[in-house]
Amino acid sequence: MAMRFDGRVAIVTGAGGGLGREHALALARRGARVVVNDLGGARDGSGGSATAAEAVVAEIEAAGGEAMANAASVTDFAAVQAMVDAAMARWGRIDILVNNAGVLRDKTFAKMELEDFRFVVDVHLMGAVNCTKAVWDHMREAGYGRIVMTTSSSGLYGNFGQSNYGAAKMALVGLMQTLSIEGAKNDIRVNCLAPTAHTRMTEDLGARLPLELLGPEMVTPGLLYLVSDEAPSRCILAAGAGGFERAYVTLTQGAWIAGEDAPEQVAARFAEISDRAGEIVPEMGAAQGMTELTKAQAAHKG
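Everything numeric here is computed off the predicted structure, so don't read it as measured data.

Asker: How should the sheet that holds strand 8 (residues 243–247) be read in this particular structure?
Answerer: Strand pairing within a sheet occurs via backbone hydrogen bonds; the two strands may be parallel or antiparallel. Read across the sheet, eight strands follow the order 3-2-1-4-5-6-7-8 without closing on themselves; strand pairing throughout is mixed. The two strands at the open ends of the sheet, each matched to only one other strand, are strand 3 (67–70) and strand 8. Along the sheet, successive strands turn relative to each other by an average axial angle of 20°, direction set aside. Bridge analysis of strand 1 (residues 9–12) against strand 2 (residues 33–37) gives four bridges, and the strand direction is parallel.

Asker: Any chance you could explain the side chain of Arg33 here in plain terms?
Answerer: The topology assignment puts Arg33 in strand 2. Among buried charged residues, Arg33 stands out as having no salt bridge; its nearest opposite-charge side chain is Glu66, 4.7 Å away. Of note is the side chain of Arg33, whose polar atom sits 3.1 Å from the backbone oxygen of Gly7. Apart from the residues lying within four places of it in its own chain, the contact partners of Arg33 are Gly7, Arg8, Val9, Ala10, Glu66, Trp91 and Arg93.

Asker: Looking at this model, I keep getting lost on the packing of aromatic side chains. Mind explaining?
Answerer: One pass over the full model with this rule turns up one aromatic pair. On the numbers, 6.3 Å between centres and 80° between planes, the contact of Phe109 with Phe117 is edge-to-face. Since its relative accessible area comes to 60%, Phe109 is described here as exposed. Phe117 sits in the partly exposed class, given a relative accessible area of 22%.

Asker: Help me understand the pairing of strand 7 (residues 236–240), please; the structure alone is not making it clear to me.
Answerer: When a strand is regular, its side chains alternate between the sheet's two faces. Extensive coverage of strand 7 is indicated by the burial of five of its five residues. The side-chain alternation of strand 7 yields two buried faces, one formed by Ile236, Ala238 and Gly240 and the other by Leu237 and Ala239.

Asker: What is the right way to look at the side chain of Arg8 in this model?
Answerer: Counting through the fold element by element, Arg8 comes out in the segment before strand 1. The buried category is assigned to Arg8, whose relative accessible area is 16%. In this structure Arg8 touches Ala32, Arg33, Arg93, Asp95, Ile96, Tyr144 and Asp229, once residues within four positions along its chain are discounted.

Asker: Sorry if this is basic, but what is going on with the pattern of salt bridges here?
Answerer: Where charged atoms from two side chains of opposite charge approach closely, those side chains can pair. Under the counting rule described, the total for this entry stands at twelve salt bridges. Notably, a salt bridge pairs Arg4 with Asp6, separated by 2.9 Å at the nearest N-O pair. Arg4 gets classed as partly exposed once you look at its relative accessible area, which sits at 43%. Linking Asp187 and Arg189 is a salt bridge whose minimum nitrogen-to-oxygen distance equals 2.8 Å. Sharing partners across several salt bridges, the network here consists of Arg8, Arg93, Asp95 and Asp229.

Asker: Please explain the environment of Glu292 as it appears in this structure.
Answerer: Here Glu292 lies in helix 10 (residues 286–301). Placed 39 residues apart in sequence, Glu292 and Gln253 show a C-alpha to C-alpha distance of 9.0 Å.

Asker: Please explain helix 2 (residues 51–62) as it appears in this structure.
Answerer: Every α-helix carries 3.6 residues per turn, so stepping three or four residues along brings you back to the same face. Here helix 2 spans 16 Å end to end across twelve residues, near enough to the 16 Å set by a 1.5 Å rise per residue. Looking at helix 2, one finds that the buried residues are Ala53, Val56, Val57 and Ile60. Across the axial projection of helix 2, the buried residues extend over an arc of 100°, all falling on one side. Exposed side of helix 2, more than 90 degrees from the buried face: Thr51 and Ala62 are the residues found there.

Asker: Is there a simple way to think about the packing of helix 1 (residues 18–29) against helix 2 in this case?
Answerer: If you want to describe how two helices pack, look at the angle between their axes and the distance between the axes. Following both chains from N to C, one finds helix 1 and helix 2 inclined at 25°, their axes separated by 10 Å at the closest point. The orientation of helix 1 with respect to helix 2, classified from their angle, is roughly parallel. Between helix 1 and helix 2 lies a crossing whose hand is right-handed. Touching Arg21, Ala24, Leu25 and Ala28 of helix 1 are Val56, Glu59 and Ile60, all from helix 2. Among the residues making up the contact of helix 1 with helix 2, the classes are represented as five nonpolar, no polar and two charged.

Asker: Quick question: what am I supposed to make of the pairing of strand 5 (residues 145–150) here?
Answerer: With six of its six residues buried, strand 5 lies for the most part within the structure. Residues Gly145, Ile147 and Met149 of strand 5 are buried on one face, and the alternating residues Arg146, Val148 and Thr150, pointing to the opposite face, are buried as well. Of the pairings in the sheet, the one linking strand 4 (residues 96–99) to strand 5 comprises four bridges and is parallel in character. Bridging from a neighbouring strand, Asn99 pairs with Met149 of strand 5. As a crossover connection, the stretch from strand 4 through helix 4 (residues 114–142) into strand 5 is right-handed.

Calculation criteria
Residues numbered from 1 in each chain as written. Predicted model: local features only at pLDDT ≥ 70, side-chain atom pairs only at ≥ 80, totals over all residues. Heavy atoms only, no water. Pairing = 2+ DSSP bridges. Helix = DSSP H or I, 4+ residues; strand = E, 2+ residues; numbered from the N terminus. Axes fitted to C-alpha atoms, helices over the stretch in contact; angles between N-to-C directions. Buried < 20%, exposed > 50% of the residue type's maximum accessible area, 1.4 Å probe, protein only. Lys, Arg positive; Asp, Glu negative; His and termini not counted. Salt bridge = Lys/Arg side-chain N within 4 Å of Asp/Glu carboxyl O. Polar contact = N/O pair within 3.5 Å; in protein donor to acceptor, adjacent residues only side chain to side chain. Contact = heavy atoms within 4.5 Å. Phe/Tyr/Trp six-rings, centres within 6.5 Å; stacked < 30°, edge-to-face > 60°. Expected span 1.5 Å × (residues − 1). Arc of directions from axis to C-beta. Parallel < 35°, antiparallel > 145°, perpendicular 65-115°, else oblique. Left-handed = near helix turned anticlockwise from the far one by under 90°. Nonpolar A, V, L, I, M, F, W, Y, C, P; charged D, E, K, R; others polar. Right-handed = clockwise from strand over helix to strand, strands pointing away.

From the geometry alone we can't say anything about function, so treat these as descriptive.
Set out below in structure tokens:
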């Protein structure tokens, strides 16, 4: 059965181009009414214009879909709230939020100004927080919600020159982990998407990438699943060039160590501590403490 979104209302941020545009167009093709949000600024976040969002809305409407353009900065909660209010006034519901808006200000940490660090974190992390906060109560009252945070391999695994971007993108994973727990009773499913695609954000890497394989449209099928009725929750889905993988934050079985020579034991047994055999994916943060207490209790009994 084809995946459809008839009757659903979706907000996609950063939807004036690249991944966001593909997400918005695909949702609209499958029946969703879409708020196309885009500040219309440069890649570093400067400037702004509604033109990009309006162009995507025009595409959707020309194909027979429904959409509305919005040029709010995701860093401005009042503007984000006004966007949500406008969508509620027009369509009476918000089912899907795709936090896709982003900027880049790449430099090595040694050369990076703190303002550039703050700004990137503000857009990626606080932008997602602002948008999610604005829709959260509507989704709770409806007993339904699908939210996707756009993370990145730069956050999951690191990337030279992207300490600000990587920190923000990994923070979104932490946000997703907790919101998926808090939203479960109201069927609000929260996931992360880690895309690999050639967009304006990655144009500097062009000479090193097979661009013909990395169209943003190759990522969007994963996004559609993450916002569907059948969506999982608390998933980190990686996608690019038609490949789909799942990333996990895991915990090894480790070792119990105590005593005056504990630091030396940690050093001597670090390979044992790092052994991934039997590692787990904790259901919540308390699992770490329980794992450690279990080892301690077993050691004292023995």
